[in-house]
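What follows is the residue order along each chain.
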Amino acid sequence: MEGSGSPRFRKLHFPVGLWINSPRKHFAKLGGRWPSAASVKSTTSSDAASLHEAPSAPSSSLSASTPSLASPAPSPSPSPAFLRPRPAGPQSRTKRLSHLFLRGRSNSDRDRAVGEKEREVWAHSAAPSSHHYLPPASSSAPGLIKIYGDALSSGANYRSLLASVHSTAKQLIAQVITRYTEREREETDDFVQKVPEDFLLCDVIGKPIQQPDGAIQWETECRRSVAPWECPLLLVDMWRPKEGFERRFEIQRKEDYEREEREREKEREREGEHYQGVRWRRSRMSSGGGAEEGERGHRGRNTELRRSISDMNLSLRRRQGNHVTNDPRGSGKVPNNSGGLQDRKNIVSMITPQPGEVRRRERYEKDYSSCDLEVMSQSLILPPTDRPYFLLLQGYDQSKDFVLYIMTGHTHVFGRKPTMREREKDRERERKGKRPLKVDTFLSAPDLLARHLLIRRDSVVPETPSGQALMRPFRGGAVTHNGVTVYRETVLKPGDVIGLGSHFLFLYRDPRVTPAPPLALALPWQADAPSTCCPSGLVDRQEALRQYLGSTEALLKFHPRHADALLQEVISKNSSPDSGGGPLAPAYLLSVMIDHASKHLDPALTPQILLKAANLIKGIVWDNIKEFGDKHPTQNSTEQDSEISTPNVQKLSSDLRPLMFWMSNATELLNFFQVKVEAMEKEWEFEAPGDPVLTADMDTCSEALAQLDDVIMHTFQQCVYHLTKTLYSLLPALLDTNPFSNEEKEKEKDGSRDAEGEERGGEEGEVDDVSSLPPTVAGLVDVYRCSLMLSREACLSPPLTSQTFGYLFFFTNTSLLNTLLERDGLFSWSRAVQIRTNLDLVLDWLQGAGLGDIASEFLKKLSVTVNFLCVPKTRLIQSSWSSLLEEHALLSPAQLHHLLTHYKLGPARAPPASWAPPPGTELNGDIFESFLDHPPLILPNETPRLDLSQPIPSPDLQKEMTRLRTFLWGLDQDELPANQRTRL
């Protein structure tokens, strides 16, 4: 500073020119950052005025996010730590320079005079708070310094060291390491000596904050590293915190400090282009703003860019001091400043042009010494021409809000200054490798989130058309787009109005889009003009309502407060196959409802709807299973099993319809829910990792999916259990029936004569017809036919249909094979040919029904066993053990040995020796197949078959959709006064 009696230049032995040109080398502004990375202060800012006033409350430009030694952009606002104010009263430049050198006096006299003068300045400039340190009269007197050493010992408080003004930071680091580690050296055997070179001393500015539990928590505003040769006590004497802030010294590990600084330096590099532009613009304004770029020249412009905030403050004060002396009575003494005075007259006339009022102009010129050119010039701003920006329409705090917020990068985050707890969470996430998004613009409203709104453009979203951007509110952030509340990502166009919380309104502009599009919202004086965005201005409200009620679009609009009523209405009126809406009516209607909620309503509502829908479906299915169990008890007598006939199969099929109906609908809903949950997870990729709200929503979605899994598994289990129980009583007839008997031949002839009269030109016979099969075989096939008809009627998904029949065919194979191996009387060529013929009749029917591939896969082992028994006896006798085992590889050695041992070769004929297995062959294995080896149920994970982008697929669904729309419209009308209701 250039105050009289200031010892700063003399004590530190700096040349005057070096001090003025490069003040940032030792006393640069700490941690100064504008609330926005690229914001222009409004004309009401009081920061610039504080340059020549007494220190006041902390400036709004403080930010802990840029704790560098030199601010990236020169700001007129003071930092929390500032140089001492110069004494009041104007002095000439010659007199001030003479005080810097103090010629003709001894060193001791100068020290005594300067010390007394500085103490007097501090005593009268501002009342020091309790944390201000008053320097002693003698500069050699020692003092106590508190050094906090959490980096040395976790949880430690501080150590007090006795130091003098000549004690360097390097010496204090060595002392404090000794103080902190002396107890650890005594108590620990494997003590490792700490090296002072690994640590550094930090000068930290902040303030203590009292927590709700009464504890005191230190909150850091900014910091800087103290050079090893600097004297901390001298810094305390010469450089003090602003009122309301305190300073303390901390010892930190050098590698941790340098790593943090490198990370912050990377952030500054990413915004370097923006900071350079702001610095150049503000440098122009500080010099008056009237000179053209060509007049100043390239060298002058570079000099402006290199000027620090202290440099600007000094030059500004010098200009103001000169103008104080240039009053009308002495204006002729200093002719060199007439140009600067004329510039100021021009600026004043631009602000309040009153060409006809000479007295008022003279008053402005006379009182202009109290005006601040920096504040005036901030109102003469121009928006950028090469990148988008946000124009403030409505703010919260006039002293902190800016006029323009420039979108320097391809992403821009609006938010507020995080609390200490939020900062700790962010640091914890960074340690886990989950770095949250950096906030570009800090706003001051209390109803904003730490990260409130994300905007992306250009290369980040290549699929977006040129000139458009995407805006996405963070979870829980209140955001409006052209007056409409938005919850998810939406397109942002130039001219749109963005609302943040209940205070901030911004106009989005992109100067690269020419010509500039009109405003998306009508201005107040255009309110009476017809608006194309309002349906009531185009069509009658009743006509619009009729069009919506009869629309074929898959759309169901509802208010969040009506979600529960709509959910109950959909489930209760479509809970059975005979409800009239179609086989997939519940799944379709619920999907339409959830689709609207996931796109247009609060994101917190969608997980709740998923879970409530799953719980309602599960309750209905449990009631159906209980009702079905009462009609078909699990334990049946042997007589009842043996007397099951075709009418019983038909009754079983009818009773299974509700279970198959809900299995099909639950499968479609599960596929649709999975797609929606994946979309929700994708929307959360920009949210803070580990957010408890998002975690709770994900748990809710997982529970809903688990409930649908239970519904599918239980309905599948009930269906296949009762179908296999019916098959169990019909399968033995396949082994005992002779398809070549006269009675069976006559039935085949009758069936063939009936079939001859039918037209077969390009058409296949109906799979429903089983009359051509022998009665015993037809009873077995009828179970498959009823199962197939059930799956088709319920529109069961193909993967689940395949698994249902796969389980039925597995049971058929296992049951018949075990029965065949158990009854060795069937081990003959003649009986094997009959079994083979009956089995072929069943497989032929399944092939015609489209189930041939599944049946061949699961009935393969039964077919191999029957084929083995169908081998002619003469050929079988000539075969050896190894050849038979190779030809019938699906049979285990124990099963093959059992078949050969009990094969009927004839009376008193022993098996040939070639059938004997070689020594060491394992023959003690179980010859029967296990029913526990059934294929597992794999829940489908496929694309939903319900395409909501297409019109409503059936008249039945259209009718049900119209009924639900009318139901919702009635709920809305009931909440309105009678004179505001709309009649159809």
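These numbers come from a predicted model, not from an experiment.

Chemist: It is not clear to me how the sheet that holds strand S12 (residues 441-443) should be interpreted in this structure. Could you clarify?
Modeler: Across a sheet, strands are paired by hydrogen bonds formed along the backbone, either parallel or antiparallel in direction. The strand order S12-S11-S13-S14-S17 describes an open sheet built from five strands, whose pairing is mixed. Of all strands in the sheet, those with a lone pairing partner are S12 and strand S17 (490-492), marking the two edges. For this sheet, the mean inter-axis angle between neighbouring strands, taken without regard to orientation, is 25°. Here three bridges tie strand S14 (residues 469-473) to S17, and the two strands are oriented antiparallel to one another. Opposite Leu 470, over in S17, you have Val 491 as the bridge partner.

Chemist: Explanation requested: the sheet that holds strand S4 (residues 159-163) in the structure shown.
Modeler: Strand order across the open sheet formed by five strands is S4-S3-S8-S5-S6, with mixed pairing between neighbours. The open sheet is flanked by S4 and strand S6 (216-226), the only strands paired with a single partner. With strand direction ignored, the average angle separating the axes of adjacent strands in the sheet is 40°. With five bridges joining them, strand S3 (residues 143-148) and S4 adopt antiparallel strand pairing. If you follow Gly 143 over to S4, its bridge partner there is Ala 163.

Chemist: Explain the side chain of Thr 700 to me, please; I cannot follow it from the model alone.
Modeler: In this fold, Thr 700 is placed in helix H22 (residues 692-730). When its relative accessible area of 12% is taken as the criterion, Thr 700 is described as buried. With residues up to four places along the chain from it excluded, the contact list for Thr 700 reads Pro 607, Gln 608 and Leu 611.

Chemist: Explanation requested: the side chain of His 632 in the structure shown.
Modeler: If you trace the backbone, His 632 turns up in the loop between helix H19 (605-631) and helix H20 (638-642). In this structure His 632 comes out as buried when scored by relative accessible area, which is 15%.

Chemist: Even after reading the chapter, I still don't get the packing of aromatic side chains, so can you show me in this structure?
Modeler: For any pair of aromatic rings, the description rests on two quantities: the centre-to-centre distance and the angle between the ring planes. This model, assessed by the stated rule, comprises 14 aromatic pairs. For the ring pair Phe 390 and Phe 414, a centre distance of 5.1 Å and an interplane angle of 85° mean the geometry is edge-to-face. Taken together, the positions of Phe 390 in strand S9 (residues 389-394) and Phe 414 in strand S11 (residues 411-416) put the pair 24 residues apart, joining distant regions of the chain. Like Phe 414, Phe 390 is buried. With a centroid separation of 5.5 Å and an interplanar angle of 90°, the aromatic rings of Tyr 405 and Phe 506 are classed as edge-to-face. With Tyr 405 in strand S10 (residues 402-406) and Phe 506 in strand S19 (residues 504-509), this residue pair connects regions lying 101 residues apart in the sequence. Since its relative accessible area comes to 1%, Phe 506 is described here as buried. An aromatic cluster of three or more residues is present, and its members are Phe 390, Phe 402, Tyr 405, Phe 414, Phe 504, Phe 506 and Tyr 508.

Chemist: Just to check I follow, could you spell out the environment of Asp 710 for this structure?
Modeler: Looking at where Asp 710 falls in the secondary structure, it is placed in helix H22. With 92 residues separating them in the primary sequence, Asp 710 and Lys 618 have C-alpha atoms 7.9 Å apart. Among all residues touching Asp 710, those that are not within four sequence positions of it are Lys 618 and Trp 622. Looking at Asp 710, its side chain comes within polar contact range of the side chain of Lys 618, at 3.5 Å.

Chemist: How should I be thinking about a negative patch on the surface in this particular structure?
Modeler: There is a patch of like negative charges on the surface, built from Glu 197, Asp 198, Glu 255 and Glu 258. Its place among the elements puts Glu 255 in helix H8 (residues 254-270).

Chemist: Hey, could you run me through the nonpolar core in this one?
Modeler: It is characteristic of soluble globular proteins that their nonpolar side chains tend to be buried jointly. Among the nonpolar cores identified, the biggest contains 124 residues, and Phe 558, Tyr 588, Ile 617 and Tyr 784 are the most heavily contacted of them. Of the residues forming this core, the biggest block, 15 residues, is contributed by helix H21 (residues 646-683). Inspection of this core shows a minimum of three residues originating in each of domain 3 (553-632 + 648-719 + 952-975) and domain 4 (731-740 + 770-915). Sequence-distant contacts of Phe 558, that is, excluding residues within four places in its chain, are made with Ala 563, Leu 566, Met 593, His 596, Ala 597, Leu 601, Ile 609 and Leu 968.

Chemist: Is there a simple way to explain the packing of helix H17 (residues 563-573) against helix H33 (residues 955-974) in this structure?
Modeler: When two helices pack together, their arrangement is captured by the angle between the axes and the distance separating the axes. Contact pair H17 / H33: the axes reach a minimum separation of 11 Å and the direction vectors enclose 150°. Looking at the two axes, H17 sits roughly antiparallel to H33. Here the hand of the crossing between H17 and H33 comes out right-handed. For the pair formed by H17 and H33, the contact residues are Ala 565, Leu 566, Glu 569, Val 570 and Lys 573 on the first element and Glu 960, Arg 963, Leu 964, Phe 967, Leu 968 and Leu 971 on the second. For the contact of H17 with H33, a count of residues per class yields seven nonpolar, no polar and four charged.

Chemist: For this particular structure, what's the right way to read unusual backbone geometry?
Modeler: Where the residue is not glycine, phi is negative for most of them; where a peptide bond is considered, it is trans in most cases. For Asn 482, which is not glycine, the phi torsion reads 55° and is therefore positive. With respect to the helices and strands, Asn 482 occurs in the loop between strand S15 (479-481) and strand S16 (484-486). Positive phi is not limited to glycine here, since Cys 795 has a value of about 55°. For Cys 795, a relative accessible area of 29% gives the class partly exposed.

Chemist: Would you explain the pattern of salt bridges in this entry?
Modeler: Opposite charge on two side chains lets them pair, provided their charged atoms get close. Inspection of every chain in the model, using the stated rule, returns 45 salt bridges. When the shortest N-O distance is used, the salt bridge between Arg 945 and Glu 668 registers 2.8 Å. With Arg 945 in the loop between helix H32 (893-901) and H33 and Glu 668 in helix H21, this residue pair connects regions lying 277 residues apart in the sequence. Since its relative accessible area comes to 1%, Glu 668 is described here as buried. Across the pair Arg 963 and Glu 960 runs a salt bridge, and its minimum N-O distance is 2.6 Å. With Arg 963 and Glu 960 both in helix H33 and three residues apart, this pair spans about one turn of that helix.

Parameters and conventions
Throughout this document, residue positions are counted from 1 along each chain, in the order its sequence is written. Since the coordinates come from a predicted model, pLDDT governs what is reported: local features require at least 70, and pairs of side-chain atoms require 80 or more to be given and counted, while whole-chain, interface and lining totals use all residues. In computing side-chain properties, one takes all heavy atoms of the structure into account and sets aside hydrogens as well as water. In this scheme, strands are said to pair when DSSP sees at least two bridges between them. Secondary structure counts use DSSP, requiring at least four H or I residues in a row for a helix and at least two E residues in a row for a strand, with both numbered from the N terminus. For every element, the axis is a line fit to its C-alpha atoms; helices are fit only across the contacting stretch, and the angle between N-to-C directions ranges from 0 to 180 degrees. Each residue gets one of three labels from its accessible area relative to the maximum for its type: buried under 20%, exposed over 50%, partly exposed in between, using a 1.4 Å probe on protein chains only. Any two residues whose heavy atoms approach within 4.5 Å at even a single point are treated as in contact. Pairing of aromatic rings covers Phe, Tyr and Trp, the last counted by its six-membered ring, and requires centre-to-centre distances within 6.5 Å; plane angles under 30 degrees mean stacked, over 60 mean edge-to-face, and any other angle means tilted. A 3.5 Å cut-off defines polar contacts: any pair of N or O atoms within that distance qualifies, except that in protein one atom must be a possible hydrogen donor and the other a possible acceptor, and neighbouring residues in sequence count only when both atoms are side-chain atoms. Residues enter patches when their relative accessible area tops 30% and they take part in no salt bridge; the joining distance is 9 Å for like charges and 5 Å for the nonpolar side chains Val, Leu, Ile, Met, Phe, Trp and Tyr. For every accessible area listed, the method is Shrake-Rupley and the probe measures 1.4 Å; residues are considered covered only by the protein chains on display. Salt-bridge detection follows one rule: a side-chain nitrogen of Lys or Arg within 4 Å of a carboxyl oxygen of Asp or Glu. When charges are counted, neither His nor the chain ends are considered; positive counts come from Lys and Arg and negative counts from Asp and Glu. Note on charges: their place is set at NZ of Lys, CZ of Arg, CG of Asp or CD of Glu. Buried residues of nine kinds, namely Ala, Val, Leu, Ile, Met, Phe, Trp, Tyr and Cys, make up a nonpolar core once their side-chain atoms join them within 4.5 Å. Each domain's extent was defined by an automatic or database domain assignment. Angles are sorted into four bins: roughly parallel if under 35 degrees, roughly antiparallel if over 145, roughly perpendicular if 65 to 115, and oblique for all others. Left-handed is the label given to a crossing in which the near helix is rotated counterclockwise from the far helix by less than a right angle, and right-handed is the label when the rotation is clockwise. Under the grouping applied here, Gly and all other residues not named as nonpolar or charged are polar, the nonpolar ones being Ala, Val, Leu, Ile, Met, Phe, Trp, Tyr, Cys and Pro and the charged ones Asp, Glu, Lys and Arg.

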